[in-house]
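Chain by chain, the residues run as shown.
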Amino acid sequence: MSNEFTILIVEDDPNVRLGCVQAMQLAGLAVEAVASAEEALPHVTAGQIGVVVTDMRLPKADGLSLIRLCQQFDPSLPTIMITGHGDVTLAVEAMRSGAYDFITKPFAPEVLVDVVRRALEKRMLTSEVARLRQQLAHRSGIESKLIGQSDAMQRVRQLVLDVAESPVDILIRGETGCGKELVAQALHDFSHRRDAPYVALNCGGMPDNLLDSELFGHEAGAFTGAQKRRIGKIEHAQGGTLFLDEVETMPMSMQIKLLRVLQERKLERLGSNQSIDVDCRVVAASKDDLLARAQDKTFRLDLYYRLNVVCIELPPLRDRREDIPMLMTHFTLLAAQRFNRPQPELSAALMSKLMAYAWPGNVRELRNVADCLVLGVRNGVVDVADTAGATSQSLSEAVDQFERAMINAELQRHGGNVARCAEALNIAKTTLHDKIKRHGL
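Remember, predicted model here, so these are calculated numbers, not experimental data.

Novice: I'd like to hear about the packing of aromatic side chains, residue by residue, with values.
Specialist: For the coordinates displayed, the defined rule picks out 2 aromatic pairs. Aromatic side chains Tyr357 and Trp359 sit 4.7 Å apart centroid to centroid with 80 degrees between the ring planes, which places their arrangement in the edge-to-face category. By relative accessible area, which is 0% here, Trp359 ends up buried. Positioned over the ring face of Phe5 is Arg123, at 5.2 Å from the centre of the ring. We note Arg338 situated over the ring of Phe339; from NZ or CZ to the ring centre the distance is 4.6 Å.

Novice: Before we move on, could you go through the sheet that holds strand β12 (residues 310-313) and cite the residues and values that matter?
Specialist: Each strand in a sheet pairs with its neighbour through backbone hydrogen bonds, running either in the same direction (parallel) or in the opposite one (antiparallel). The 5 strands lie next to each other as β7-β8-β11-β6-β12, forming an open sheet whose pairing is parallel. Both outer strands of the open sheet, β7 (198-202) and β12, are each paired with one neighbouring strand and no more. The average angle at which neighbouring strand axes cross in this sheet is 20 degrees, direction not considered. When strand β6 (residues 170-173) meets strand β11 (residues 281-286), the two strands line up parallel, connected through 4 bridges. Within β11, the residue paired with Ile170 across the bridge is Val283.

Novice: Now, about the packing of helix α13 (residues 324-339) against helix α14 (residues 348-356): what can you tell me, with residues and values included?
Specialist: α14 packs onto α13 with a crossing angle of 115 degrees between their chain directions and a minimal axis gap of 10 Å. In terms of crossing hand, the pair formed by α13 and α14 is right-handed. Here Ile324, Pro325 and Met328 of α13 lie close against α14, whose contacting residues are Met351, Leu354 and Met355. For the contact of α13 with α14, a count of residues per class yields 6 nonpolar, no polar and no charged.

Novice: How would you sum up the sheet that holds strand β1 (residues 6-10)? Please name residues and give values.
Specialist: Strands sit in the order β2-β1-β3-β4-β5 across an open sheet of 5 strands; the sheet is parallel. Across the chains shown, the open sheet's two edge strands, defined by having one partner strand only, are β2 (31-34) and β5 (101-104). Neighbour-to-neighbour, the strand axes of this sheet turn through a mean angle of 20 degrees, independent of strand direction. Where β1 meets strand β3 (residues 49-55), 5 bridges bridge the pair, whose relative direction is parallel. Its bridge partner being in β3, Leu8 is matched across the sheet by Val52. The sheet contacts of helix α2 (residues 37-45) involve β1, β2 and β3, and relative to β1 the element is tilted by about 165 degrees. Contacting β1, β3 and β4 (79-83), helix α3 (residues 63-73) crosses the sheet at an angle of about 160 degrees to β3.

Novice: Outline the pairing of β6, supporting the account with residue identities and numerical values.
Specialist: In summary, the side chains of a regular strand alternate between the two faces of the sheet. Looking at chain direction, β6 and β12 are connected through 4 bridges and run parallel. Paired with Ile170 across the strands is Val310, a residue of β12.

Novice: Any chance you could break down the nonpolar core for me, citing the residues and the numbers?
Specialist: Counting residues in each nonpolar core, the largest one holds 29 residues, and the members touching the most others are Leu215, Ile234, Leu242, Leu244, Met250 and Leu307. Ranked by the residues each element gives to this core, the list is headed by helix α10 (residues 252-264), at 5 residues. Not counting chain neighbours up to four residues away, the residues in contact with Met250 comprise Cys203, Leu211, Leu215, Leu244, Gln255 and Leu258.

Novice: Summarise unusual backbone geometry; cite the residues concerned and give the values.
Specialist: Residue Pro106 is reached from Lys105 by a cis peptide bond, and omega for that bond is -10 degrees. With respect to the element layout, Pro106 can be found in the loop between β5 and α5 (109-138). Positive phi outside glycine occurs at Lys297, with the angle close to 65 degrees. Phi is positive for Asn340, close to 55 degrees, though the residue is something other than glycine. Looking at the element boundaries, Asn340 is found in the loop between α13 and α14. The class of Asn340 is exposed, set by a relative accessible area of 69%.

Novice: Residue-level account of the pairing of β5, with values.
Specialist: On β5, burial follows the alternation: Asp101 and Ile103 on one face are buried, whereas Phe102 and Thr104 on the facing-out side are not. Here β4 runs beside β5; their pairing, made up of 4 bridges, is parallel. Pairing of Ile82 across the sheet is with Ile103, part of β5.

Novice: Could you give me a rundown of helix α8 (residues 208-216), with the residues and numbers involved?
Specialist: Among the residues of α8, those classed as buried are Leu211, Asp212, Ser213, Glu214, Leu215 and Phe216. Of the surrounding elements, those touching the buried residues of α8 are β7, α9 (233-236), β8 (241-245), α10 and β9 (266-267). One or two steps after α8, the chain reaches Gly217, where phi turns positive at roughly 80 degrees.

Novice: Could you give an account of the environment of Pro251, naming the residues involved and the relevant values?
Specialist: Mapping Pro251 onto the fold places it in the loop between β8 and α10. Along the primary structure Pro251 and Pro207 are separated by 44 residues, whereas in three dimensions their C-alpha atoms are 10.0 Å apart. Here Pro251 is in contact with Asp208 and Leu211, once residues within four sequence places are set aside.

Novice: Before we move on, can you summarise the side chain of Thr332 with the specific residues and values?
Specialist: Considering the arrangement of structural elements, one finds Thr332 in helix α13. By relative accessible area, Thr332 is classed as buried at 0%. In this structure Thr332 touches Gln343, Pro344, Leu346, Ala370, Leu373 and Val374, once residues within four positions along its chain are discounted.

Each value, and the rule that gives it
- Residues numbered from 1 in each chain as written.
- Predicted model: local features only at pLDDT ≥ 70, side-chain atom pairs only at ≥ 80, totals over all residues.
- Heavy atoms only, no water.
- Phe/Tyr/Trp six-rings, centres within 6.5 Å; stacked < 30°, edge-to-face > 60°.
- Buried < 20%, exposed > 50% of the residue type's maximum accessible area, 1.4 Å probe, protein only.
- Lys NZ or Arg CZ within 6 Å of the ring centre and 35° of its normal.
- Pairing = 2+ DSSP bridges.
- Helix = DSSP H or I, 4+ residues; strand = E, 2+ residues; numbered from the N terminus.
- Axes fitted to C-alpha atoms, helices over the stretch in contact; angles between N-to-C directions.
- Left-handed = near helix turned anticlockwise from the far one by under 90°.
- Contact = heavy atoms within 4.5 Å.
- Nonpolar A, V, L, I, M, F, W, Y, C, P; charged D, E, K, R; others polar.
- Core = buried A, V, L, I, M, F, W, Y, C linked by side-chain atoms within 4.5 Å.

Laid out in structure tokens, this is it:
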């Protein structure tokens, strides 16, 4: 398993030390070896150590003291204790002090390699999650609003920036929970209309007789109960953006009136004969194929073409699984702040299950899982993990998938420039070349 971390062996017995070093080298792992805890500390503080393997009994400071120092310096650094048969009590104390595992002498080399590999996988995953948190903290602009490193999300962000300043009306298509309103908000925020109102209306969220008044407004006395003038959503969005969600549910009578507003950029309130000039960008969203609905006579074809000047297709989460680690990190951080709880550790086993799940509820469902995880409501996570259709994945497969997604995203961001990608990932260019070849990128 190639990685940028080194295994540190701390053992005063030269024969045991040599045996441990040879076992690591035969397994293809980078390794350093020292004879005391005092010699180990400079290596630990240098920041490139992936796992510390230490004997319990050392010449001066013992292995337990070294484990505690490692925990103080870097709580995510896994430490493995080597003990004699009579040191079980000390081994238990080491685990309580933060050790990842312990091995009793004598041990077979393959046993040591297996434990080290598992610890190293944990270290790599923790490191990647920390890197994601750092990236999220430093993201600005549209990347902080439409999160994801996948090719699909990069195309969505670029299209939003390309059309944000144009006056054209826009149609957003995507399954429920994909984030259509986030895209509409981004279109508003990155346009010259950002200081004017952003007005959202769910067309499927009210009775037909109220939708007319909500959209177009009414004069006092226009109908029974209309005691005073009401400004409709279209007029209220003057100079800004009107977002119409679930536009496919709009009744035909409303579709005709909306089409006229889009064509003439004028409206009349209910009960009034006065035309009012309209200056707002209309962004409509639908989970359905509106062209297919138009052909079935359940949506007006002329309204479809009026709305579909530019169409932004949002992919379902199952088609951009490489974005799940970053999204999950983002959502657990937001939930931790909202609920005043600590941000939970995203284990390799959990991440593997999240990556394998089908996500019928898309990003919205992922956010619900993050909330449950932060609140300690484990059933929500278990339900996701055990849902039929999820496939099992080993820890190493999850780490590989995670690593491949990170490298692919950086290559895309830097236009395939390996040198700049290696610099961004903080690894050697030769190491990155090996990883690119191994992942078939």
